Amino acid sequence: MTMPLFTQTKGQGVVGLATAETIATVTGVAVAASPARIAALRVKTKAPAPS
């Protein structure tokens, strides 16, 4: 399995586990240097659907 580049991650949807709906979009990634790992994701949430 190949890991995507960070530039490919931007714009991807964030899916809720309970509903399988897209609830946000990735807008940025923070990386920790040692050990190398993703430290945080910046996301933009979608407006709730009118009920």
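Because the structure is a prediction, the values reported are computed rather than measured.

Colleague: Explain the pairing of strand E3 (residues 37-45) here, please?
Modeller: Where burial is concerned, little of E3 is hidden: zero out of the nine residues are buried. Relative to E3, strand E2 (residues 22-32) runs antiparallel, the two sharing eight bridges. Counterpart to valine 31 in the pairing with E3 is isoleucine 38.

Colleague: Help me out: how do you make sense of the environment of glutamine 12 in this one?
Modeller: By secondary structure assignment, the location of glutamine 12 is in the loop between helix H1 (6-9) and strand E1 (13-15). Given a relative accessible area of 46%, glutamine 12 falls into the partly exposed group.

Colleague: Teacher, can you tell me more about the sheet that holds E1 here?
Modeller: The strands making up a sheet associate through backbone hydrogen bonding, with each pair oriented either parallel or antiparallel. Taken in spatial order, the three strands make up an open sheet running E1-E2-E3, and their pairing is antiparallel. Of all strands in the sheet, those with a lone pairing partner are E1 and E3, marking the two edges. Strand after strand, the sheet turns through a mean of 50 degrees between neighbouring axes, direction not considered.

Reading the values: the criteria
Residues numbered from 1 in each chain as written. Predicted model: local features only at pLDDT ≥ 70, side-chain atom pairs only at ≥ 80, totals over all residues. Heavy atoms only, no water. Buried < 20%, exposed > 50% of the residue type's maximum accessible area, 1.4 Å probe, protein only. Helix = DSSP H or I, 4+ residues; strand = E, 2+ residues; numbered from the N terminus. Pairing = 2+ DSSP bridges. Axes fitted to C-alpha atoms, helices over the stretch in contact; angles between N-to-C directions.

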